[in-house]
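Per-entry structural report
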Amino acid sequence: MKRKLIAAVGVAGMVIGLAACGDSGSDDKAKADSGPKEITVWVMDGSAPKAWIDEVNKEFSAKHPGVTVKVEEQKWTGIQEKVTTALSENTPPDVLELGNTQTAGYAVTGGLADLSGDKAKLGADAWQKSMLASAEVDGKLYSAPWYAANRVVIYDKKAFEKAGVTPPKTRDEWVAGLEKLKAADPASQPIYLPGQSWYILAGFVWDEGGDLAVKDGAKWKGGLGTPQAASAMDFYKKLQSFSTAPKDKDEATPQQSTDIVPKGGVASWIGLGWEAGGAEKALKDAGKEADFGYFPIPGKTADKSGTVFLGGSNLAVAERSKNKELAKEWLALAAGKDQMTKYAAETKGALLPNQAGANFAAPAGSFAEAMAKAGLNGKITPVTAGWANVETEPNPIKEFMTKVLNGEDAAKAGADADKEIANRINK
């Protein structure tokens with residue numbers, strides 16, 4: 001499951017320039033009809049369950065006799081460079097999976113086909129708006145959202161029961177519960193929260209009405225030197241005060257699910273589905289009981305959970321595909337409600353499908369149920385090719401967080417971070 005959700009963590013690599021000069025226009029269908037009766041689909045390792053992909057291809061072949069689908073699994077390591085090269089060549093894959101934070105970079109360089117005129121065929125009206133945002137650039141559609149995942153609060157049921165705490169609905173209830181947990185067991189951490197878990201901070205910034213970066217005319221500027229970001233960081237700091245996690249590390253350094261939680265003494269933490277599964281396995285391997293509960297990150301009011309980062313993948317058609325119309329037909333099938341419903345069932349709710357009508361009926365109390373609820377209030381990082389530069393280390397958002405947690409004024413630390421964000425995002 002970890003491989004399946006690498007994209008959901010959302011760390012995008014640098015997307016280098018493409019020289020896009022592929023064929024397009026009204027002769028696409030003629031080329032598809034006269035060209036090779038085969039389309040190539042690139043999917044990432046672990047993203048497409050075999051039973052599901054076989055079903056998609058079976059249905060596609062029934063609709064297009066004589067046309068075969070060649071599916072090639074790719075590794076995430078080095079994929080940005082491989083995709084960039086493939087899209088610049090004369091025989092790229094016809095359909096390919098892209099991380100949702102990477103899609104804009106390939107679109108602006110001309111490597112992806114403009115699908116704006118195919119929205120009806122693709123069923124775009126049914127797609128979740130939060131996922132659709134990553135597939136569009138400047139009002140044009142360049143991919144179909146496929147799947148996404150988001151973080152929820154994972155808690156130790158016994159610790160919560162001992163402290164008399166129930167899953168909170170609001171931020172105030174959340175903090176009050178952490179105080180009870182601390183009083184019930186001073187030796188444990190009410191919540192494990194590293195200082196640089198910036199995807200979680202992003203949700204708090206969005207809750208305040210801000211963003212990590214915003215468009216300013218033809219350029220972008222950072223959004224951390226704002227009152228909204230300061231308020232978000234103030235709440236993050238309050239939560240982090242209940243944790244002994246390092247202020248200058250993220251959730252993967254050390255890996256919270258396998259290196260921290262299994263050691264015990266953690267009443268709650270915030271993580272993805274594969275992290276919950278990893279912690280459960282590590283505890284069982286160590287002969288310990290794993291009894292986790294799950295709830296969405298609470299919002300400011302009970303009627304709406306906290307905003308969460310939706311990481312995931314999109315499916316796009318290469319601009320230089322020689323079988324563009326067939327590729328669009330395959331994409332419409334794979335991203336449609338019927339196949340997305342089967343996809344959600346096949347992945348047992350570990351991933352959110354591109355439309356609410358295809359959601360998996362997750363068991364009550366499961367991670368999947370909490371994730372689906374939280375995912376309804378999801379967002380993604382700023383949609384621009386330059387965003388990938390912001391996420392590279394040293395990440396200015398992480399540095400901003402550590403500075404504030406160590407006592408620096410949020411406005412000053414945010415202004416410094418904004419300068420670096422602007423420098424990177426506008427490259």
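A brief report on the enclosed structure follows. All residue numbers refer to position in the chain's written sequence, counted from 1. Where local features are concerned, this predicted model is filtered to residues with pLDDT of at least 70; where side-chain atom pairs are given and counted, the filter is 80 or more; whole-chain, interface and lining totals use all residues. No hydrogens and no water enter the side-chain calculation; it runs on all heavy atoms of the structure.

Details of the packing of helix α3 (residues 50-63) against helix α15 (residues 337-346)
Interaxial angle, 0 to 180 degrees, is taken between N-to-C directions of lines fitted to C-alpha atoms, where a helix line uses only the stretch in contact. Counting from the N terminus, the helices are DSSP H or I runs at least four residues long and the strands are E runs at least two residues long. In contact at an axis separation of 9 Å, α3 and α15 are set at 165° when each is read in the N-to-C sense. Between α3 and α15, the interaxial angle falls into the category roughly antiparallel. As for the relative orientation of α3 and α15, their crossing is right-handed in sense. Residues A51, W52, E55, V56 and E59 of α3 lie in contact with α15, whose contacting residues are Q339, K342, Y343 and E346. These descriptions rest on fixed angle ranges, namely under 35 degrees for roughly parallel, over 145 for roughly antiparallel, 65 to 115 for roughly perpendicular, and the rest for oblique. In this scheme, a crossing is called left-handed if the near helix is turned counterclockwise away from the far one by less than a right angle; it is called right-handed if the turn is clockwise. In what follows, residue pairs with any heavy atoms lying within 4.5 Å of each other are defined as contacts.

With respect to the sheet that holds strand β10 (residues 268-271)
One bridge is not enough; two strands pair if DSSP finds at least two bridges between them. Strand order in this open sheet of three strands is β10-β7-β11, and the pairing throughout is antiparallel. Lying at the two open borders of the sheet, with one neighbouring strand each, are β10 and β11 (292-295). Direction aside, the axes of adjacent strands within the sheet are offset by 30° on average. When strand β7 (residues 152-156) meets β10, the two strands line up antiparallel, connected through four bridges. Paired with V152 across the two strands is G271, which belongs to β10.

Describing unusual backbone geometry
With the exception of glycine, the majority of residues adopt a negative phi angle, and the majority of peptide bonds are in the trans configuration. Here the bond from T253 into P254 is cis, since omega is 0°, no more than 30 degrees from zero. Looking at where P254 falls in the secondary structure, it is placed in the loop between α11 (227-240) and α12 (256-260). A cis amide bond links E393 to the next residue, P394, at an omega of -5°. Within the secondary structure, P394 is located in the loop between α17 (387-391) and α18 (396-405). In this model, D138 sits at a positive phi of 50°, which is unusual for a non-glycine residue. Mapped onto the elements of the fold, D138 is located in the loop between β4 (136-137) and β5 (140-141). Burial classes: relative accessible area under 20% of the type maximum marks a residue as buried, over 50% as exposed, and values in between as partly exposed (1.4 Å probe, protein chains only). The class of D138 is exposed, set by a relative accessible area of 71%. In this model, K348 sits at a positive phi of 55°, which is unusual for a non-glycine residue.

Considerations on the pattern of salt bridges
When a carboxyl oxygen of Asp or Glu lies within 4 Å of a side-chain nitrogen of Lys or Arg, that pair is called a salt bridge. Going through the model one piece at a time under the given rule, you end up with 24 salt bridges. For K63, the salt bridge identified is with E59, shortest N-O distance 3.7 Å. Residue K63 and its partner E59 are located together in helix α3, separated by four residues, close to a single helical turn. The shortest N-O distance in the salt bridge between E329 and K121 comes to 4.0 Å. One end of the pair, E329, is in helix α14 (residues 324-334); the other, K121, is in helix α6 (residues 119-122), with 208 residues separating them in the sequence. Each member of the salt-bridge network shares a partner with another, and the members are D118, K121, E325, K328 and E329.

Details of the pairing of β7
For a regular strand, side-chain orientation follows a simple rule: the groups alternate between the two sheet faces. Within β7, four of the five residues are buried, leaving the element largely enclosed by the surrounding structure. Of the pairings in the sheet, the one linking β7 to β11 comprises four bridges and is antiparallel in character. Looking across to β11, one finds that D156 is bridged to F292.

Comments concerning helix α4 (residues 79-88)
Those residues of α4 lying buried are I79, Q80, V83, T84, A86 and L87. The buried side chains of α4 occupy one side of the element, clustering within an arc of 165° when seen end-on. Tucked into the core, α4 has its buried residues touching β1 (38-44), β2 (68-74), β3 (95-99) and α5 (103-108). The arc under discussion is defined with respect to the helix axis, by the directions toward the C-beta atoms.

Examining α14
Counting buried positions over the 11 residues of α14 gives 10, a clear majority of the element. Listing the buried residues of α14 in full gives K324, E325, L326, A327, K328, W330, L331, A332, L333 and A334.

Structural notes on the side chain of S243
Here S243 lies in the loop between α11 and α12. In terms of polar contacts, S243 uses its side chain to reach the backbone carbonyl oxygen of I191, at 3.3 Å. The contact partners of S243, leaving out residues within four places of it in the chain, are Q189, I191, Y192 and L193. In protein, a polar contact requires one atom able to donate a hydrogen and another able to accept it; more generally it is a pair of N or O atoms within 3.5 Å, and residues adjacent in sequence count only if both atoms are side-chain atoms.

Considerations on the environment of A135
Mapped onto the secondary structure, A135 falls in the loop between α7 (129-132) and β4. Residue A135 is classed as buried on the basis of its relative accessible area, which comes to 0%. Between the C-alpha atoms of A135 and P65, which are 70 residues apart in sequence, the distance is 30 Å. Those residues within four positions of A135 in sequence are excluded, and the remaining contacts are K140, L141, Y142, S143, P145 and N314.

Re the sheet that holds β2
Sheets are built from strands paired through backbone hydrogen bonds, the pairs being either parallel or antiparallel. The strand order across the open sheet built from six strands is β2-β1-β3-β13-β6-β14, with neighbouring strands paired in mixed fashion. For this open sheet the edge positions go to β2 and β14 (352-353), each flanked by a neighbour on one side alone. When β3 meets strand β13 (residues 311-317), the two strands line up antiparallel, connected through five bridges. Its bridge partner lying in β13, E97 is registered against L315.

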